[in-house]
Amino acid sequence: MAGIVSLTPPKEQVVHVVDSAMTPMSNCLVRAGTQAPYVIYALPDDMDDKTIIVGGVLEASRIFAPLIEILDASGQVLKTFQPEDYYYRGPVYSVQFRPQFGQRYLLVTADTTLVGQSYDSIQVGVNTSYVSTGLYTSAINTGVESRSSRTFSYEGVVRVMLNDTDIKEGT
Amino acid sequence: MIKKMLAAAAAMTVAACASPYVATPYDRASAQVSSIAMVDDALPEKPIAYEVASMGSNFGLIGALVDAGIQAERQNAVHNALQTIDFDAESRMEARLAQELAIHGYTVSRTPDRTREKREFLTVYPEAGGASSYLDVVVSNYGYVSSGFGQPFRPHVDAKVKLVRVSDGAKLMENIIVSNPVGQVQGVVTLPPNPNYAFKNRSELLENPERLAAGIEDALNQVADTAARLLQ
């Protein structure tokens, strides 16, 4: 396995975000006769007060279909997240965990059983525009809705968000 | 209300440069929890029926005052319509949550009836009745939300859940679950609205109380199911 991506931020910060594009050029993992792109992340040495969210980003028409596993220092699988562990957390279809002692790497590959499935959703929000009368400017809020249908894919973006609830500690 | 909803959405949206919401994931193996006492008073008294970017809210103080009256009147009308069919949202949600927790292998009990002073987690918990943990569910808002003038009303639930160990008060899990959020939220479990429940306007909301209640119950069930899943 090649190209391990470090999750250790340059300095302690509240949230450290790492995005990885999964493309046809990504490294490929072959297991049980099935090929899938993958990326490996090295968990930070200092795991205290860290919480990790990792998954596929909701893009305009696709979501990378994540299959997420935690490995030890020798690359052995310690934990495989099950389908019921995944949630839509805002713009990321993801799992969330706190790294434990002995856990060293995060392997993200494609869940071939999820690829091709669709996720239909409705998003509501408010747009704000500004109108100037010359004397003053006022904000006009307008309600908006959009429907989207996204397909789980072998390609897309994997996002890791490393949250640190105590950045006063050393690195 | 509009300021509160937009501020909540904005706080979670721009959180990357401030303090993002960070949930506490549950680790069942280390938590060693087998029994849960569900804390009473999960829901506020009345559902909302709120138009976020309403026409009136865009016209200064006078508009805001008129708007507040329209919003309150709509909320009361929805509340009264639900009362005509004796719809008790809290009992339904608590029953669903208890059922789902039992499916996940927990022994479930309930703490004595007590009204919350605020829509916040309790700081002091009542007698657990032998349970090893408390599940504190606080629904801030439930009911219907329209994003603005001309947009349909859809079911909405905004809840936070926390599991606390009885013996030492340790927080074992905490999450926010939002069904049909207004705007994009980070770090929070989000559930899209069920497209089967959409009401064009106030008249359509009030037309059929059974359907009005069904939309709310459906959203509350999704939140209850998600809360239980977070503890599996």
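Residues numbered from 1 in each chain as written. Chains lettered and ligands numbered in written order. Predicted model: local features only at pLDDT ≥ 70, side-chain atom pairs only at ≥ 80, totals over all residues. Heavy atoms only, no water.

(A) Representation of the overall build of chain A within the structure. For chain A, the helix and strand inventory stands at 0 helices and 14 strands. The C-alpha extent of chain A, read off along each of the three principal axes, is 70 × 45 × 30 Å. Every one of the 171 residues in chain A was classed for burial, and the buried ones make up 48%. Long-range pairs, those at least 24 residues apart, make up 75% of the contacts in chain A with a sequence separation of at least 6. Per element, the accessible surface of chain A, about 8,400 Å² overall, is 51% carbon and sulfur. (Helix = DSSP H or I, 4+ residues; strand = E, 2+ residues; numbered from the N terminus. Buried < 20%, exposed > 50% of the residue type's maximum accessible area, 1.4 Å probe, protein only. Contact = heavy atoms within 4.5 Å. Areas by Shrake-Rupley, 256 points an atom, 1.4 Å probe, with all protein chains shown as cover.)

(B) Spatial organisation of helix α3 (residues 60–83) of chain B. Residues and elements named next belong to chain B. Helix length check: α3 (24 residues) gives 34 Å between terminal C-alpha atoms against 34 Å at 1.5 Å per residue, within 8%. Residues of α3 that are buried include every one of Gly-63, Asp-67, Gln-71, Arg-74, Ala-77, Val-78, His-79, Ala-81 and Leu-82, and no others. On the buried face of α3, the contacting elements are β2 (48–53), α5 (202–207) and α6 (209–229). (Expected span 1.5 Å × (residues − 1).)

(C) Looking closely at the interface of chain B and chain A. Contacts between the two partners involve 38 residues from chain B and, on the opposite side, 34 residues from chain A. Interface area for chain B against chain A, summed over the two sides, is near 2,700 Å², with a carbon-plus-sulfur share of 55%. Viewed at the interface, chain A and chain B are joined by 1 salt bridge. Arg154(B) serves as the salt-bridge partner of Glu145(A), at 2.8 Å between the closest nitrogen and oxygen. Here chain B and chain A share 12 residue pairs in polar contact (both at pLDDT 80 or more) between them. Of all the secondary-structure elements, those providing two or more residues to the side of chain B that touches chain A are α1 (2–13), β2, β4 (133–148), β7 (189–191) and α6 of chain B. Tallied by class, residues from the side of chain B that touches chain A come to 20 nonpolar, 15 polar and 3 charged. (Buried area = accessible area lost by both parts, 1.4 Å probe. Salt bridge = Lys/Arg side-chain N within 4 Å of Asp/Glu carboxyl O. Polar contact = N/O pair within 3.5 Å; in protein donor to acceptor, adjacent residues only side chain to side chain. Nonpolar A, V, L, I, M, F, W, Y, C, P; charged D, E, K, R; others polar.)

(D) Quick look at the environment of Tyr154(A). Residue and element names in this part refer to chain A. By the element assignment, Tyr-154 lies in the loop between β13 (137–153) and β14 (156–164). Assessed through its relative accessible area of 33%, Tyr-154 is described here as partly exposed. Once the C-alpha coordinates of Tyr-154 and Thr-23 are considered, the two residues, 131 residues apart in sequence, prove to be 7.8 Å apart. The residues touching Tyr-154, leaving out its near neighbours within four places in the chain, are Met-22, Gln-35, Pro-37, Phe-64, Ala-110, Thr-112 and Val-115.

(E) Summary view of a nonpolar patch on the surface. Residue and element names in this part refer to chain B. A surface patch of nonpolar side chains, about 370 Å² in accessible area, is lined by Met-55, Phe-59 and Phe-149. Along the chain, Phe-149 turns up in the loop between β4 and β5 (154–165). Residue classification places Phe-149 among the exposed residues on the basis of a relative accessible area of 56%. (Patch = residues over 30% accessible without salt bridge, like charges linked within 9 Å, V, L, I, M, F, W, Y side chains within 5 Å.)

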